[in-house]
Number of protein chains: 2
Amino acid sequence: MSQSGVGIDLDKSLGYLLKEASSALRAAMEEVLRPLGMSVTHYSCLELLAQRPGLSNSELARGAFVTRQSMNVLLQALERDGYVTRPAEAPVGKVLPARLTPRGRRSLAEATVAVRSVEVRMLAGMTEAEQSGAFLILRNMIHSLRDGNDGT
Amino acid sequence: MSQSGVGIDLDKSLGYLLKEASSALRAAMEEVLRPLGMSVTHYSCLELLAQRPGLSNSELARGAFVTRQSMNVLLQALERDGYVTRPAEAPVGKVLPARLTPRGRRSLAEATVAVRSVEVRMLAGMTEAEQSGAFLILRNMIHSLRDGNDGT
DNA sequence: CAACGTATGTCAGAATCCTGACATGAGTCA
DNA sequence: TGACTCATGTCAGGATTCTGACATACGTTG
C-alpha cells in the first residue's frame, strides 16, 4: 500500500481506469489517423454523417462530445475543403442538415479501415461474452452518471 | 438499421461507448469540482501527490494523461498559490519532487468528498462482481491497445 | 394571437492543451 | 574517460476547445 486512506485509491478506482482506457483508445486512434491528416473529432464527424445523413451542427457536436462551437469550426473547414455540404438556407427553422460529399465518403472509407484495426486490437483477447458484458456495464455507468445529474 | 455497412456502427461500438462513458464521467466530475474552483486535471494532480508524494512533473503528467508542459503550468500555479511545494534545486538530476502543503491537503480533502460521490453514483446499480469484471475488462483493453502500439 | 421557454447557428474572446525545440543531467557502453 | 542515449524541466508558438453572448426560429401555453 502506497497510501493511507487519504483519498481515492487510483489503483483501484474504476473512474481512473475508465479515463486511462479512454486515453489509450484516443492515443491509438490519433496514431493511425495522423498519417491520413485527420483528427479524432474530424473522423467522428464524418462517421456520424455517414450513419445519419442530415445531422445538424448541434447534433454532430453532441455525438462527438464537443461543443457546437467547436464542431462549427470543424464543419466550416470540412465544407471549405469539399468533404461536407450544407444548404445555404435552412429548409426548416435554423437547422442546416449536413451531408457527406463523394470526396468525404472516400476520405471516411480510408479512415474507417484504420480505426477498425484499432477497435479490433482493443477487443483482442476478449470473448463475445466479455464484450457484451462490457457493453452493458458501460451503458449502466453512463446511465447512472447522467441520472443523478439533476435529480438531487 | 439506420446505416448500411458504410463504417463502424456507433450504436454497437465499444470504443464509442467508452468515449461516451469517459465523457459523462468527466462532465460529472467537472460539475462537482466547479464549485470548488478546481478542474479535473487540477484534482488529479493533487490526488496523485497525496498517494505518491515526491512525484516529478513528468510523472504527474503521465498519471493525469496530459503532457508535461501542461502539467508544468498547472504545477507552477499550484506552487504560486501554496498548494504544492518543490525544492528550488533538484536533489538529484533535474527531477524536482513535488509535495502537497497542508493547504493542498485541505483542498484535496474537500475535492475528494465531491469526487467520491460521483464515483459512488457511477457504481450504483453494479454488483461487486460486475465491478471487478469491469475492472478486468478495462485493464484488458488498455493492455491490448498499448501492446500493438509498437509491436508491428 | 401573444408571450414564454427552448434550441439552433454564429461571432468574439479567453483559456487550455499540444507540438517543437533547447539545454541539462543520469545511465550505459566501449 | 568520452560518446551515446534517454529522460527531465522549461520556453515559445500555434492549434484546439471552451465560455459567454446574441439574434433567430420553433413549440407550447395562456
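Conventions adopted
- Residues numbered from 1 in each chain as written.
- Chains lettered and ligands numbered in written order.
- Predicted model: local features only at pLDDT ≥ 70, side-chain atom pairs only at ≥ 80, totals over all residues.
- Heavy atoms only, no water.
- Contact = heavy atoms within 4.5 Å.
- Buried area = accessible area lost by both parts, 1.4 Å probe.
- Salt bridge = Lys/Arg side-chain N within 4 Å of Asp/Glu carboxyl O.
- Polar contact = N/O pair within 3.5 Å; in protein donor to acceptor, adjacent residues only side chain to side chain.
- Phe/Tyr/Trp six-rings, centres within 6.5 Å; stacked < 30°, edge-to-face > 60°.
- Helix = DSSP H or I, 4+ residues; strand = E, 2+ residues; numbered from the N terminus.
- Buried < 20%, exposed > 50% of the residue type's maximum accessible area, 1.4 Å probe, protein only.
- Lys NZ or Arg CZ within 6 Å of the ring centre and 35° of its normal.
- Near = heavy atom within 4 Å.
- Nonpolar A, V, L, I, M, F, W, Y, C, P; charged D, E, K, R; others polar.

(A) Expanded view of the interface of chain B and chain A. Between chain B and chain A, the contact holds 62 residues from the first and 62 residues from the second. Between chain B and chain A, a total of about 6,000 Å² is buried, with carbon and sulfur atoms accounting for 63% of that surface. Close ionic contact of Glu-20 of chain A with Arg-146 of chain B constitutes a salt bridge, the shortest N to O distance being 3.5 Å. At the boundary of chain B with chain A, the tally comes to 15 residue pairs in polar contact (both at pLDDT 80 or more).

(B) View of the packing of aromatic side chains. By the definition in use, this model includes two aromatic pairs over all chains. Seen from their ring centres, Tyr-16 of chain A and Phe-65 of chain B are 5.5 Å apart, and the 40° between their planes marks the pair as tilted. Within this pair, whereas Tyr-16 of chain A is found in helix α1 (residues 14-33), its partner Phe-65 of chain B is found in the loop between α3 (57-64) and α4 (68-80), the two belonging to separate chains. Among the residues examined, Phe-65 of chain B registers a relative accessible area of 24% and is labelled partly exposed. In this structure, Arg-103 of chain A packs its charged tip against the face of Tyr-83 of chain A, placed 4.8 Å from the ring centre.

(C) View of the protein's contact with DNA strand D. As a matter of local geometry, DNA strand D sits amid 20 residues, with Gln-69, Ser-70 and Lys-94 of chain A together with Ser-58 and Arg-68 of chain B nearest to it. Asn-57 of chain B places a main-chain nitrogen or oxygen 3.3 Å from a phosphate oxygen of DNA strand D. Ser-58 of chain B is positioned such that a nitrogen or oxygen atom in its side chain is 2.6 Å from a phosphate oxygen of DNA strand D. Within the residue set of the surface near DNA strand D, elements represented by two or more residues are α4 (68-80) of chain A together with α3 and α4 of chain B. Broken down by element, the residue count for the surface near DNA strand D peaks at four residues, all from α4 of chain B. Of the residues assigned to the surface near DNA strand D, the class counts are three nonpolar, 11 polar and six charged.

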